Amino acid sequence: MSAPVLKLAHITKRFGSLTANDDISLELGAGEVLALLGENGAGKSTLVSILFGHYTADAGQIEAFGQPLPPGDPKAALAAGIGMVHQHFTLADNLSVLDNVMMGSESLWQPFTRRRAARARLLAVAQRFGLDVDANARVGGLSVGQRQRVEILKALYRGTRILILDEPTAVLTPQESEALFAVLAQMVAQGLSIIFISHKLGEVLRVSQRVAVLRAGKLVAQAKASETTQSQLAQWMVGHAVSAAQRQPANNVGEAVCVLDKVSTAPARERLRDASLTLNRGEIVAIAGVSGNGQSALAQLLCGTRAATAGTVVLMGRPWPQKPAQLVALGVARIPEDRHEVGVIGDLPLWENAASERLQSRTFSRFGWVRRRAAYAYAQRVIAAFDVRGAGADAPARSLSGGNMQKLILGRALVHPQRDATATPKLIVAHQPTWGLDIGAVDYVQQQLFAARNAGAAVLLISDDLDEVLALGDRVAVIHDGQLTPARPALAWSREAIGLAMAGISSPQATP
Amino acid sequence: MRLEKRAQQSAIALALAPVGALAFTLLISALLVRWAGAPVGQAYGLLLKGGFGSVFALSETLTRAIPLTLTGLAATVAFKARLFNIGAEGQLYVGALAAVAVGGLHGGTGFALPAPLLFVLMMAAAALAGAFLLLGPALMKARLGVDEVVTTLLLNFIVLLFVSLMLDGPMKDPSAMGWPQSVALQDELTLAKLIAQTRVHTGLLWAWTLAVIVWALMKFTVQGFNIRAVGANTRAAMFAGVPVTRTVVLVAMLSGALAGLAGAIEVAGRTGYLTLDMSPGYGYTGIVIAMLAALHPLGVVFASVFVAGVLVGADSMSRAVGVPTYIADVIVAASLISVLVATSLTQYRIRWK
């Protein structure tokens, strides 16, 4: 390795009693892709925020191109050639690509903008790195993959020599990811350096030369990508050996529990259009798709928080009851996508959150008065059965970690207040149930879904994670622009076919 | 400078926060008292004596605390559900107007009904008037997303003009020598005095009972859960099956009713008739009380006595040492701000870069 372009020395950052970064030292070479791997909460974001000057480290120094970088100064980081592409884009939808790229790079004191020079420079940069984009296009009209390209261009336009990409493939189809990797290869070939943050092991090995693994704030391992394996990386990440989710074929598929027939929802940012789907007893149907293609509409419809405007939904032979409390009473278990903002009410205690879905039922209230003892006992059963750790029944739900919060939601959905703890619901609607969880919690959630299915529940799994869809789904359907492909057996799909359907290309309904 | 969330709240900090807030308030106010040229120690002593130092002082404080408790409860209930009702002042006046309309001696005679029944009708009319005044803004918020802060605030002025219209017109007392004041309540409908030869009346017991009822409602009932859930996180409440619109409407009715009762009890317990200067901003002070009480219904009881004591004490202090009575407003406002800051400092620490 030649002289490092970036040197982090003994970076330590504490938040109260939590040590987010513990004495981390890293080097990045010219023309190198370094993957920063770690679970949520391992300290990746903190480290990058320190690098970028958003946080000030309690100890340690950073050197870029041999010069010390002043701490806590984002402008200095930019000037030193460090650029970042965030997972959630920071683009103005109503402006053109050129405007977005120029934004903030011109002095406010100059009387006129120098658009022509800027355009020439943008085109030169785009050509140099093979990033093909229409400079006049409005960002609002671009696809997610194209927007990401604009973000990268924005960084390159400002003379970035070290580019940080935060979970760049989370919003892309497999094909778009491939295109991104090609661009990265070109950038590296021209001497740029890249820090690639991810928790997907496969793509980390695919794009990077070197991998650094963080766990609980510590740098636990560094390895050349060519000299390590996925299982080795996973073991470093979690601290013990793990096995990826194994397919467990369904062997007891029964009658239809829930049938959607040509269902549409009201036009909104996300909607369903003529979606048909059958969910059977003892079977997991998984929905794949790029996020934002109607998954939320489907999940909210089946959770009772959104109404269908056309088509019919039938639950166990009867018309769809619509209201959340009725759904829960009929045995629909609901796991929402956003556990912090929708799944629980963070300010209220665990026990109230546990009982909240059934508070109107006779089990938990009489004549409008809450039967606190029953609700409290139920919450403790959920906490015990699903091993919710970190806070007692009286603590506010927000004090739980993401994984434990998800266990609480899962437990509340799956534990029936009257029957024993293993009584299963009829239908489980799980939207991104493992998103953002650490590997141990992911495994736990997936095993619970398998167990519920084997006990006879119909399961709908909506996930952005293609690996999860293929590992858990007995049948798989792809959603694109609100339309569902027919659900086919998981083994009948190739990865390529799913990728094309996610992009809306081979989907039979997408081209009327 | 920035705020960082504390990993855990210390019990000592929680206990010291109100003490620190009080000390800071007294310090700020002391500077102003000095500026007015009065001796600080004596001024504070007089203020304390004037607010709490004798049976008479205490009775005046409690009298003042009655409407403040009710408007404080009105704000508490609404704010718990994130319905920012700034219109308690208007609801108080329509409540008082409704009370006089039902229980007043129109043209020398009132409704020929038994007094207990008429009393219940009078209170119900006041509660309903307040409730329905807030219903419009609440529905507009729930259905159309109209900001209730604006609508409830502006309604206050409309209501005051309407009351003025009524007091100069149909409900004017012909025997009031031209003053814009309403007809008087029937004698049997006025509230009894709690202590002889003072102004404190049984409305105090009403207010405190209502505080306990509101507390129990919030803590032990499904509706109370619904209200707290909607206020804490509307999306999650909807997901859990809380009927959000219905809950907001219910909260509005409850909050408006409490403020309306404040007006009726003030008329029945203290004035006996309605004038345009009956409330020196009780509706707005209720908001301060609700915040001082950290939106706890029982805390409202204590916060309203504190605020009433400062207001009453400042009156007598200003007569003695010549500090303007505005010092009371400063003390109340400074205590609100310092309590809010102290509370947030128990949750956050300040980091200087």
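Residues numbered from 1 in each chain as written. Chains lettered and ligands numbered in written order. Predicted model: local features only at pLDDT ≥ 70, side-chain atom pairs only at ≥ 80, totals over all residues.

**With respect to the overall build of chain B**
Helix and strand counts for chain B stand at 13 helices and 2 strands. Taken over C-alpha atoms, the radius of gyration comes to 21 Å for chain B, in line with the 20 Å a tight globule of 353 residues would show. For chain B, the spread of C-alpha atoms along the principal axes amounts to about 70 × 60 × 30 Å. Within chain B, the fraction of its 353 residues that count as buried is 48%. Pairs at least 24 residues apart make up 78% of the contacts formed inside chain B by residues separated by at least 6 positions. (Helix = DSSP H or I, 4+ residues; strand = E, 2+ residues; numbered from the N terminus. Rg over C-alpha atoms; globule rule 2.2 N^0.38 Å. Buried ≥ 20, exposed ≤ 12 C-beta atoms within 10 Å, placed from the backbone. Contact = placed C-beta atoms within 7 Å.)

**Details of the environment of A:Ala266**
Residue and element names in this part refer to chain A. Considering the arrangement of structural elements, one finds Ala266 in the loop between β11 (256–265) and β12 (275–280). With 225 residues separating them in the primary sequence, Ala266 and Gly41 have C-alpha atoms 37 Å apart. In this view, Ala266 contacts Arg271 and Thr309; residues no more than four positions away in its chain are not counted.

**A few points about the interface of chain B and chain A**
Contacts between the two partners involve 20 residues from chain B, matched on the other side by 30 residues from chain A. Of the residues assigned to the side of chain B that touches chain A, the class counts are 11 nonpolar, 4 polar and 5 charged. (Nonpolar A, V, L, I, M, F, W, Y, C, P; charged D, E, K, R; others polar.)

**Digging into the domain arrangement of chain A**
Residues and elements named next belong to chain A. For chain A, the domain assignment lists domain 1 (6–238), domain 2 (243–331 + 425–512) and domain 3 (345–424). Taken together, the contacts link 10 residues of domain 1 with 11 residues of domain 2. Elements with a contribution of two residues or more to the side of domain 1 that touches domain 2: α6 (174–189) and α8 (230–238). Of the residues forming the side of domain 1 that touches domain 2, the biggest block, 3 residues, is contributed by α8. Of the residues belonging to the side of domain 1 that touches domain 2, the class tally is 6 nonpolar, 3 polar and 1 charged. (Domains from an automatic or database assignment.)

**Here we look at the packing of helix α4 (residues 88–103) of chain B against helix α11 (residues 282–292) of chain B**
Residues and elements named next belong to chain B. Running from N to C, α4 and α11 point in directions that differ by 130°, and their axes come no closer than 6 Å. Compared by their axis directions, α4 and α11 come out oblique. At the point where α4 passes α11, the crossing takes the right-handed sense. From α4, Ala88, Glu89, Gly90 and Leu92 reach across to α11, where they touch Tyr282, Gly283, Tyr284 and Gly286. For the contact of α4 with α11, the residue count by class is 4 nonpolar, 3 polar and 1 charged. (Axes fitted to C-alpha atoms, helices over the stretch in contact; angles between N-to-C directions. Parallel < 35°, antiparallel > 145°, perpendicular 65-115°, else oblique. Left-handed = near helix turned anticlockwise from the far one by under 90°.)

**Re the confidence of the model for chain B**
Residue and element names in this part refer to chain B. Confidence in the prediction of chain B, expressed as mean pLDDT, is 91, and 98% of residues score 70 or more. Mean pLDDT values for the elements of chain B range from 70 in strand β1 (residues 2–5) up to 97 in helix α7 (residues 203–220). Quick note on the complex model: pTM equals 0.81, ipTM equals 0.86. (pLDDT = per-residue confidence, 0-100.)

**Quick look at the sheet that holds strand β4 (residues 59–64) of chain A**
Residue and element names in this part refer to chain A. Within the open sheet, the 4 strands sit side by side as β2-β1-β4-β5. Their pairing is antiparallel. The sheet terminates laterally at β2 (18–28) and β5 (67–68), the two strands that pair on one side only. Where β4 and β5 come together, 2 bridges link them in antiparallel fashion. By the bridge assignment for β5, Glu63 is matched with Pro68. (Pairing = 2+ DSSP bridges.)

**Some remarks on the sheet that holds strand β14 (residues 308–315) of chain A**
Paired through backbone hydrogen bonds, the strands of a sheet run either parallel or antiparallel to each other. Residue and element names in this part refer to chain A. Ordered by their spatial adjacency, 4 strands build an open sheet running β12-β11-β14-β15, and the pairing between neighbours is antiparallel. At either margin of the open sheet sits one strand with a lone partner, and together these are β12 and β15 (318–319). Two elements, β11 and β12, share 5 bridges in a ladder whose sense is antiparallel. By the bridge assignment, Val263 is partnered in β12 with Ala275.

**Some words on the nonpolar core**
With 197 residues, the main nonpolar core has B:Ala99 and B:Leu258 as its most contacted residues. For this core, the element with the most residues is helix α10 (residues 244–271) of chain B, which contributes 13 residues. With near-sequence residues (within four places) excluded, B:Ala99 lies in contact with B:Met122, B:Ala125, B:Ala126, B:Gly263, B:Ala264, B:Val267 and B:Ala268. Among the nonpolar cores identified, the runner-up in size contains 63 residues, and A:Leu8, A:Leu184, A:Ile197 and A:Val211 belong to it. (Core = buried A, V, L, I, M, F, W, Y, C linked by C-beta atoms within 7 Å.)

**Details of unusual backbone geometry**
All names here are of chain A. In this structure, Phe65 takes a positive phi of about 50° despite not being glycine. Structurally, Phe65 is set in the loop between β4 and β5. For Phe65, a count of 16 C-beta atoms within 10 Å puts it in the partly exposed group. Positioned with a positive phi, Ala216 is a non-glycine residue whose angle comes to about 50°. Note on placement: Ala216 falls in the loop between β9 (210–215) and β10 (218–224). Given 15 C-beta atoms within a 10 Å radius, Ala216 is considered partly exposed.

**Regarding α6(A)**
Residue and element names in this part refer to chain A. Over its 16 residues, α6 extends 23 Å from the first C-alpha to the last, a length consistent with the 22 Å expected when each residue adds 1.5 Å. Within the sequence span of α6, burial applies to Glu176, Ser177, Leu180, Leu184 and Met187. With its buried residues spanning 100° around the axis, α6 presents them on a single face. What points out from α6, more than 90 degrees from its buried face, is the exposed set Ala182 and Ala189. (Expected span 1.5 Å × (residues − 1). Arc of directions from axis to C-beta.)

**Some details on the pairing of strand β21 (residues 475–480) of chain A**
Residues and elements named next belong to chain A. Extensive coverage of β21 is indicated by the burial of 6 of its 6 residues. Where burial is concerned, the two faces of β21 agree: the one with Arg475, Ala477 and Ile479 and the one with Val476, Val478 and His480 are both buried. Bridging between strand β13 (residues 283–288) and β21 involves 4 bridges; their strand directions are parallel. Residue pairing for β21: Val285 is matched across the bridge by Arg475. Relative to strand β22 (residues 483–484), β21 runs antiparallel, the two being bridged by 2 bridges. Paired with His480 across the strands is Gln483, a residue of β22.

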